[in-house]
Structure formats: C-alpha cells, structure tokens
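# Structure assessment
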Amino acid sequence: MGDVHVRVGEYRSSYHTDPDCSALNGKPETFKGIEEIPREEAEAKGLQSCRLCRS
C-alpha cells in the first residue's frame, strides 16, 4: 500500500500522504519530527487518513 508520514510525539491521530500537510507540521509546541512508516502499520496503531491530505 505504500508508506505514509506520521508525527513523532504526542497528539497524533492521523497519517498523511502529503509530507507538507499543515496538519502534520502544526502545533510546534508538541512537534518532534516526522517519520515514514507503512500505511498498514499506521492503521494498526489506530491512525486514520488525514482529511486535508484526502482533499
């Protein structure tokens, strides 16, 4: 299925297909970076597809 981008740290509930998504890079006070993982692994962790990336 391919790799997706997820936030490192707290307050993550979505995975992102666009590495420049504002939802992925927002909240600088809790942002600790981005990691790339397989989509299946992100879904297994309970993450859902980002609504902004889907638009």
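Residues numbered from 1 in each chain as written. Predicted model: local features only at pLDDT ≥ 70, side-chain atom pairs only at ≥ 80, totals over all residues. Heavy atoms only, no water.

The subject of this paragraph is the overall build of the chain. A tally of helices and strands in the chain yields three helices and four strands. On C-alpha atoms alone, the chain measures out to a radius of gyration of 10 Å, which is about the 10 Å that the 2.2 N^0.38 rule sets for 55 residues. For the chain, the residues scored as buried account for 29% of the 55 residues in total. (Helix = DSSP H or I, 4+ residues; strand = E, 2+ residues; numbered from the N terminus. Rg over C-alpha atoms; globule rule 2.2 N^0.38 Å. Buried < 20%, exposed > 50% of the residue type's maximum accessible area, 1.4 Å probe, protein only.)

The subject of this paragraph is the nonpolar core. For soluble globular proteins, nonpolar side chains are generally found buried alongside one another. Ranked by size, the top nonpolar core spans six residues in total: V4, V6, Y15, I37, A42 and L47. With residues near it in sequence (within four places) discarded, V6 still touches R12, S14, Y15, L24, G33, I34, E35, I37, A42 and L47. (Core = buried A, V, L, I, M, F, W, Y, C linked by side-chain atoms within 4.5 Å. Contact = heavy atoms within 4.5 Å.)

This part takes up a negative patch on the surface. A cluster of acidic side chains, namely D3, E36, E40 and E43, defines a negative patch on the protein surface. Tracing the backbone shows D3 in strand β1 (residues 3–7). (Patch = residues over 30% accessible without salt bridge, like charges linked within 9 Å, V, L, I, M, F, W, Y side chains within 5 Å. Areas by Shrake-Rupley, 256 points an atom, 1.4 Å probe, with all protein chains shown as cover. Salt bridge = Lys/Arg side-chain N within 4 Å of Asp/Glu carboxyl O. Lys, Arg positive; Asp, Glu negative; His and termini not counted. Charge placed at Lys NZ, Arg CZ, Asp CG, Glu CD.)

This part takes up the environment of K45. With respect to the helices, strands and loops of the structure, K45 is situated in the loop between α2 (39–44) and β4 (48–49). Taking the relative accessible area as the measure of exposure, K45 reaches 45% and is therefore partly exposed. Sequence-wise, K45 and T17 are 28 residues apart; in three dimensions their C-alpha atoms are separated by 16 Å.

Time to look at the pattern of salt bridges. Two side chains carrying opposite charge are able to pair once their charged atoms lie near each other. Scanning the entire structure with this criterion turns up one salt bridge. Across the pair K45 and E41 runs a salt bridge, and its minimum N-O distance is 3.5 Å.

Let us look at the pairing of β1. One face of the sheet, then the other: side chains in a regular strand alternate in exactly this way. In terms of residue burial, β1 counts as a mostly covered element, since four of its five residues are buried. Inspection of the sheet shows β1 paired to strand β3 (residues 34–38) by five bridges, in the antiparallel sense. Along β3, the bridge assignment pairs V4 with I37. (Pairing = 2+ DSSP bridges.)

Now for the side chain of R7. Note on placement: R7 falls in strand β1. When its relative accessible area of 4% is taken as the criterion, R7 is described as buried. Within the structure, R7 has its side chain in polar contact with the backbone oxygen of L24 (distance 3.1 Å). Among all residues touching R7, those that are not within four sequence positions of it are R12, A23, L24, N25, G26, K27, T30, F31 and G33. (Polar contact = N/O pair within 3.5 Å; in protein donor to acceptor, adjacent residues only side chain to side chain.)

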